[in-house]
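Residue strings, one per chain:
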Amino acid sequence: MEASTVEMITKLVIETINKTEAKGSGYVVPVGVSARHVHLTQEHVEALFGPGYQLTKKKELMGGQFASNETVTIVGLKLRAIENVRILGPVRKASQVEVSATDAIKLGMKVPVRESGDIKGSAPIAVVGPKGVIYLNEGCIVAKRHIHMSPKDAQMAQVHDGDIVRVKADNERGTIFDQVKIRVDESFTLEMHIDTDEANAAMIATGDTVTIIR
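Caption draft 1: Local environment of the overall build of the protein. Counting its secondary structure elements, the protein contains five helices and 14 strands. For the protein, buried positions account for 43% of its 214 residues. Considering only residue pairs separated by 6 or more positions, the protein has 65% of its internal contacts joining residues 24 or more positions apart. Total accessible area on the protein is roughly 11,600 Å²; 51% of this is exposed by carbon and sulfur atoms.

Here it is in structure tokens:
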């Protein structure tokens, strides 16, 4: 069965569960585990890959984003590197590198937990491409856990954009995630994003579900 078909069936099942569950018993959300990745400005894309270079699409993501075919190497202050870090498109107004806490240790850096886009005063990092290198004075973060949802999902879950909620994973680890931010937009598909450290510690994989608890 194709991945797109599985995703569609999963979405329909979750919608059915959330419509039939008793009010206030919690709202079910699928999980997407987010690996380390990079966002770049067009200027930095060209600095790394050559003049006029355009990112090429590998896989569509929510909200008009995509995983590109291009990867780079990221280098910390102690010259420790992680290779094959994927770039997400489209290009942004500011470049940003998102890593896990374990990645930060490997890079020999202290990296703050931030929302995507909140890079002021964050960690510096170098990015190496096939045609050049860029150095970011700030821009490396550990992404804060969050839930993407459409306005319809937000209404059903009785939450609003910017709300902070608690989320429970009902598996053998029985993990509760605190400080989970709700992000609402028409372009979003219902999904909670956590990084690989959080997923591994809670024994959660992409496609598993969690529940917003009250």
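Past the structure itself, the notes keep going.
Caption draft 2: Molecular detail of the nonpolar core. Ranked by internal contacts, the top residues of the largest apolar core, which has 25 residues, are Ile74 and Val97. At the level of secondary structure, the elements contributing two or more residues to this core comprise helix H2 (42–49), strand E4 (66–75), strand E5 (81–89), strand E6 (96–99), helix H3 (101–107), strand E8 (123–128) and strand E9 (133–143). Sort the elements by how many residues they give to this core and E9 lands first, with four residues. Leaving out residues up to four positions away in the same chain, Val97 has contacts with His37, Val38, Ile74, Ile125, Val127, Leu136, Gly139, Cys140 and Ile141. In this structure, Tyr27, Val31, Leu190 and Ala199 belong to the second largest nonpolar core, which totals 22 residues.

Caption draft 3: Examining the pairing of strand E13 (residues 191–195) more closely. When you tally the buried positions in E13, you get four out of five residues, the bulk of the element. As defined by bridge partners, strand E1 (residues 27–34) adjoins E13 across four bridges and the pair is classed as parallel. The residue of E13 that forms the bridge with Gly32 is His193. Inspection of the sheet shows strand E10 (residues 146–149) paired to E13 by three bridges, in the antiparallel sense.

Caption draft 4: A look at the environment of Ala202. Position of Ala202 among the secondary structure elements: in helix H5 (residues 196–202). Classification of Ala202 as buried rests on a relative accessible area of 1%. On a C-alpha basis, the gap between Ala202 and Thr175 in space is 5.9 Å, while along the polypeptide they are 27 residues apart. Ala202 has contacts with Asn171, Arg173, Thr175 and Phe177, leaving out every residue within four places of it along the chain.

Caption draft 5: Structural view of the sheet that holds strand E11 (residues 164–168). Strand order in the closed barrel formed by six strands is E1-E13-E10-E12-E11-E14, and the pairing between neighbours is mixed. The average angle at which neighbouring strand axes cross in this sheet is 45°, direction not considered. In the sheet, E10 pairs with strand E12 (residues 176–184) via four bridges, with the strands oriented parallel. Its bridge partner lying in E12, His148 is registered against Arg183.

Caption draft 6: Inspection of the pattern of salt bridges at higher detail. Inspection of every chain in the model, using the stated rule, returns six salt bridges. Notably, a salt bridge pairs Glu60 with Lys57, separated by 3.0 Å at the nearest N-O pair. Classification of Lys57 as partly exposed rests on a relative accessible area of 48%. Arg114 is paired through a salt bridge with Asp118; the nearest N and O atoms lie 3.6 Å apart.

Caption draft 7: Here's a closer look at the side chain of His37. For His37, the location among the structural elements is in strand E2 (residues 37–39). Accessibility expressed as a relative area gives 7% for His37, which makes it buried. In this structure the side chain of His37 is engaged in a polar contact, spanning 3.4 Å, whose partner is the side chain of His39. Sequence-distant contacts of His37, that is, excluding residues within four places in its chain, are made with Val85, Arg86, Leu88, Gln96, Val97 and Glu98.

Caption draft 8: Representation of the pairing of E8. In terms of burial, E8 is a largely internal element, five of the six residues being buried. Relative to E8, E4 is paired through three bridges, and the arrangement is antiparallel. Counterpart to Ile74 in the pairing with E8 is Val127. Here E8 runs beside E9; their pairing, made up of five bridges, is antiparallel. Bridging across to E9, Ile125 finds its partner in Leu136.

Analysis parameters
- Residues numbered from 1 in each chain as written.
- Predicted model: local features only at pLDDT ≥ 70, side-chain atom pairs only at ≥ 80, totals over all residues.
- Heavy atoms only, no water.
- Helix = DSSP H or I, 4+ residues; strand = E, 2+ residues; numbered from the N terminus.
- Buried < 20%, exposed > 50% of the residue type's maximum accessible area, 1.4 Å probe, protein only.
- Contact = heavy atoms within 4.5 Å.
- Areas by Shrake-Rupley, 256 points an atom, 1.4 Å probe, with all protein chains shown as cover.
- Core = buried A, V, L, I, M, F, W, Y, C linked by side-chain atoms within 4.5 Å.
- Pairing = 2+ DSSP bridges.
- Axes fitted to C-alpha atoms, helices over the stretch in contact; angles between N-to-C directions.
- Salt bridge = Lys/Arg side-chain N within 4 Å of Asp/Glu carboxyl O.
- Polar contact = N/O pair within 3.5 Å; in protein donor to acceptor, adjacent residues only side chain to side chain.

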